[in-house]
Amino acid sequence: MKSKFVGLTLAVLFVAYLLWSSLGLDRVTVEICLDYNGNSACRTASGANQEEAVRTAVDVACAVLAAGRDDSIACNDTKPTSVRLVD
């Protein structure tokens, strides 16, 4: 009986953790602006931390600003001109 209770408790905790992590309750949202090849774009993205959120926002901005694989790689290496935390 005790082992079933422990197993059930662990299963419930695991499911709760999966829901908590997938719902993004600890997410950080940023807005970045990026200048590349004379054009600029501002995009908002979320991530588990600020670094991940900035990386995702840069990827999204570069999808608009860059043309082709080499251009996309160069754009993704560009530092944003501004980074702002969004509440």
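Below is a summary of the structure that appears in this document. (Residues numbered from 1 in each chain as written. Predicted model: local features only at pLDDT ≥ 70, side-chain atom pairs only at ≥ 80, totals over all residues. Heavy atoms only, no water.)

1. Details of the pattern of salt bridges
Here comes step 1: By the definition in use, this model includes three salt bridges.
Here comes step 2: Ionic pairing is found between Arg-69 and Asp-70, a salt bridge with its closest N-O pair at 3.5 Å. Comparing Arg-69 with Asp-70, the two get one shared label, exposed. (Salt bridge = Lys/Arg side-chain N within 4 Å of Asp/Glu carboxyl O. Buried < 20%, exposed > 50% of the residue type's maximum accessible area, 1.4 Å probe, protein only.)

2. Looking at the side chain of Asp-71
Here comes step 1: Here Asp-71 is to be found in helix H3 (residues 69-76).
Here comes step 2: The charged side chain of Asp-71 is buried without a salt bridge, its nearest counter-charge being Arg-69 at 12 Å.
Here comes step 3: At 3.0 Å, the side chain of Asp-71 forms a polar contact with the backbone nitrogen of Ala-67.
Here comes step 4: Filtering out sequence-adjacent residues up to four positions away, Asp-71 remains in contact with Tyr-36, Asn-37, Leu-65 and Ala-66. (Helix = DSSP H or I, 4+ residues; strand = E, 2+ residues; numbered from the N terminus. Lys, Arg positive; Asp, Glu negative; His and termini not counted. Polar contact = N/O pair within 3.5 Å; in protein donor to acceptor, adjacent residues only side chain to side chain. Contact = heavy atoms within 4.5 Å.)

3. A look at helix H2 (residues 50-65)
Here comes step 1: Taking 1.5 Å of rise per residue, the 16 residues of H2 would be expected to cover 22 Å, and the 22 Å separating its terminal C-alpha atoms lies within 8% of that figure.
Here comes step 2: Of the surrounding secondary structure, the elements contacted by the buried residues of H2 are strand S1 (28-36), strand S2 (39-47), H3 and strand S3 (82-86).
Here comes step 3: Two or three places before Glu-51, at the start of H2, stands the capping residue Asn-49, its side-chain oxygen 3.2 Å from that residue's backbone nitrogen. (Expected span 1.5 Å × (residues − 1).)

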